[in-house]
Amino acid sequence: MNGHPIREEDFDLLALGALDADERRELEAHVASCAACAAKLAEARGRIALLAAAAPPAAPSAAVKQRLMQQVRAEARPARAAREKETSPSLFGKWWFAVLAPAGAVLAIATILLWNENRKLDRELADLHASVQQQEQQLHEAREVADLITSSDTVTVALSPQPGMPKGTAHVMYNMKMGMLMYEGVMTPPAAEKSYQLWIMPAQGKPISAGVFNPVSGQSDHWMMKMPQGIEPKAFTITLEPSGGMPQPTGPMVMMGSPS
Amino acid sequence: MSSDAGAEAKASDTGLIERIVQRDEAALAALYDRYAGLLSSVLNRILRDTQAAEEILQDIFFQLWRTASRFDASRGSLAGWLMVIARNRAISRLRRHNPAAGEELGENTVALPLNIESDVSQRQLLDRVKGVLENLPPEQRAAIELAYFEGLTHSEIAERTGDPLGTVKTRLRNGVETLKRNLRLVMS
């Protein structure tokens, strides 16, 4: 391609990854040497990135953040030590180095012992810090649950098993003023390659995913999430979907309940 | 939320990046809190594997920690880069090929049409974009989602759906054109 693309939407198709290899290479080669088209591609990438909105909401577990922060601290320690080493003045080449060397060796051993002790304390401190953060998060979540449960505006919906479907108990509590929704239930584990998915069925419009879950036998699942704005739930359903969930319900309805 | 956490929540992405460059762990935690949910949704939708999605999520934020000094806000949006990188990594894992070029923070050239640094703005964005997608003709939306969430090209979509290649190309072309026009309307 020697000139600009004939069609503006080619940038969006490139950002989407839909162009076949030859078309992609040709357009990429042009963009690499054309600032105007590079700017258009940057805008197209931004537009296409927004398609993330079509994904059902899925919050990561708290353990990911903990692991990340531990990884960051583990990386920071050697780097900090290296910086300190670089800034310390060199003793080599000084006449009095030989005189002070034996004392220095003793000092070095003591330093190593202290350093080891310090590392141990550092690790303990990092663990304590992570534990405090986790507890703060749990406390925050507990407060939200308490607020939701005790509010007079909260609506509780019991979900009933549908005929011929796996048994379980489940209910949803939601509060339009707080904009919060909580699910709690004990369900029979789904078959392999399957997940359960909770849906908000609005009075108008398509079902909205409110969580994908894979229960462990005998254990309860519960989570809180923000209610989509302006949505008045007509009912809540749980369907059986391919593992990981779907953008819209495709599988059989396992549980259902409506606000009274 | 503590007052410190409240202040973090109001800090701009660029301000938080500057603090990360100074090795401020709280700034990284704040950026994680801001975008982990959005990225996690995309990663889980593409991979349908929570463990793999969480591994990539952690990798992305660790990369941000290590290479924050290369970020240049004048070249593109951090939120946009995060969303592009999450999708690219997940598609690479799904299709078992190496990540595409342009994954370094210093190569960030993603121009997001709006600021989504607050929780409220993210929710508003998701609602608007969902609305735009739901208004696309179903066959156009399906073709776009196959490309976006499964990383399929024109030819691969035609092979997957059994539709003629020309039909798939027309659907995708019309779909992204309508998407572009309607996104401009709802973002203005």
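Residues numbered from 1 in each chain as written. Chains lettered and ligands numbered in written order. Predicted model: local features only at pLDDT ≥ 70, side-chain atom pairs only at ≥ 80, totals over all residues. Heavy atoms only, no water.

Novice: I'd love a proper account of the overall build of chain A, names of residues and values included.
Specialist: The helix and strand inventory of chain A stands at five helices and eight strands. Walking chain A from its N terminus toward its C terminus, one meets helices and strands in the order α-α-α-α-α-β-β-β-β-β-β-β-β. Buried residues in chain A amount to 36% of all 260 residues. Excluding contacts between residues fewer than 6 apart, the proportion of contacts in chain A whose partners are at least 24 apart in sequence is 61%. In the structure as shown, chain A presents an accessible area of about 14900 Å², 59% of it carried by carbon and sulfur atoms. (Helix = DSSP H or I, 4+ residues; strand = E, 2+ residues; numbered from the N terminus. Buried < 20%, exposed > 50% of the residue type's maximum accessible area, 1.4 Å probe, protein only. Contact = heavy atoms within 4.5 Å. Areas by Shrake-Rupley, 256 points an atom, 1.4 Å probe, with all protein chains shown as cover.)

Novice: Outline the confidence of the model for chain A, supporting the account with residue identities and numerical values.
Specialist: Taken residue by residue, chain A gives an average pLDDT of 82. The fraction at 70 or more is 85%. No element of chain A has a lower mean pLDDT than helix H5 (residues 97-150) of chain A, which averages 72, and none a higher one than strand E8 (residues 253-257) of chain A, which averages 94. (pLDDT = per-residue confidence, 0-100.)

Novice: Account for the pairing of strand E7 (residues 233-242) of chain A, naming residues and giving values.
Specialist: Residues and elements named next belong to chain A. With eight of 10 residues buried, E7 is to be regarded as a mostly interior element. When strand E4 (residues 194-202) meets E7, the two strands line up antiparallel, connected through nine bridges. Each residue of the ladder has a partner; that of Ser195, found in E7, is Glu241. Bridge count for E7 against E8 is four bridges, and the pairing is antiparallel. Counted as the bridge partner of Ile238 is Met255 from E8. (Pairing = 2+ DSSP bridges.)

Novice: Before we move on, can you summarise the packing of aromatic side chains with the specific residues and values?
Specialist: Within this structure, the stated rule accounts for five aromatic pairs over all chains. Their ring planes at 50 degrees and their centres at 5.5 Å tell us that Tyr174 of chain A and Phe236 of chain A sit as a pair that is tilted. Here Phe236 of chain A lies in strand E7 and Tyr174 of chain A lies in strand E2 (residues 168-175), a separation of 62 residues in the sequence. What makes Tyr174 of chain A buried here is its relative accessible area of 3%. Using a relative accessible area of 0% as the deciding quantity, one classes Phe236 of chain A as buried. Ring geometry for Tyr32 of chain B against Phe61 of chain B: centres 5.1 Å apart, planes inclined by 65 degrees, an arrangement best described as edge-to-face. Linking Tyr32 of chain B in helix H3 (residues 25-47) with Phe61 of chain B in helix H4 (residues 50-67), this pair joins segments that are 29 residues apart in sequence. Overall, the relative accessible area of 0% leaves Phe61 of chain B in the buried class. In textbook terms, an aromatic cluster arises when at least three aromatic residues are bridged by ring pairs, as seen for Tyr183, Tyr196 and Phe213 of chain A. In this structure, Arg23 of chain B is placed above the aromatic ring of Trp65 of chain B, and the distance from its NZ or CZ to the ring centre is 4.0 Å. Residue placement shows Arg45 of chain B over the ring face of Phe149 of chain B; its charged tip is 4.4 Å from the ring centre. (Phe/Tyr/Trp six-rings, centres within 6.5 Å; stacked < 30°, edge-to-face > 60°. Lys NZ or Arg CZ within 6 Å of the ring centre and 35° of its normal.)

Novice: Residue-level account of the sheet that holds E8 of chain A, with values.
Specialist: All names here are of chain A. Read from one edge to the other, the open sheet built from eight strands follows the order E5-E4-E7-E8-E1-E2-E3-E6, with strand pairing classed as antiparallel. The sheet is open, and its two borders are formed by strand E5 (208-213) and strand E6 (221-226), each paired with just one other strand. On average, each strand axis in the sheet is inclined to that of its neighbour by 20 degrees, with strand direction left out of account. (Axes fitted to C-alpha atoms, helices over the stretch in contact; angles between N-to-C directions.)

Novice: How would you explain the side chain of Thr153 of chain B if you had to name every residue and give the values?
Specialist: Tracing the sequence through the fold places Thr153 of chain B in the loop between helix H7 (138-150) and helix H8 (154-161). On the basis of relative accessibility, which here comes to 14%, the residue Thr153 of chain B falls in the buried class. Setting aside residues up to four positions removed in sequence, Thr153 of chain B forms contacts with Gly17, Ala18, Leu19 and Asp20 of chain A.

Novice: Can you tell me about unusual backbone geometry, naming the residues and giving the values?
Specialist: The backbone phi angle of Arg23 of chain B is positive, close to 65 degrees, even though this residue is not glycine. Relative to the helices and strands, Arg23 of chain B is located in the loop between helix H2 (13-21) and H3.

Novice: Would you mind going over the interface of chain B and chain A in detail, with residue names and values included?
Specialist: Of the residues lining the interface, 58 residues belong to chain B; the matching set on chain A comes to 51 residues. Of the roughly 5200 Å² buried between chain B and chain A on both sides combined, carbon and sulfur atoms contribute 61%. Where chain B meets chain A, there are six salt bridges. For Glu9 of chain A, the salt bridge is made with Arg173 of chain B, and the minimal N-O distance between the two is 3.5 Å. Of all the elements in the fold, those that place two or more residues in the side of chain B that touches chain A are H3, H4, helix H5 (78-95), helix H6 (119-134), H7, H8 and helix H9 (165-187) of chain B. Looking at which element gives the most residues to the side of chain B that touches chain A, the answer is H3 of chain B, with 12 residues. Among the residues forming the side of chain B that touches chain A, the class breakdown is 30 nonpolar, 10 polar and 18 charged. (Buried area = accessible area lost by both parts, 1.4 Å probe. Salt bridge = Lys/Arg side-chain N within 4 Å of Asp/Glu carboxyl O. Nonpolar A, V, L, I, M, F, W, Y, C, P; charged D, E, K, R; others polar.)

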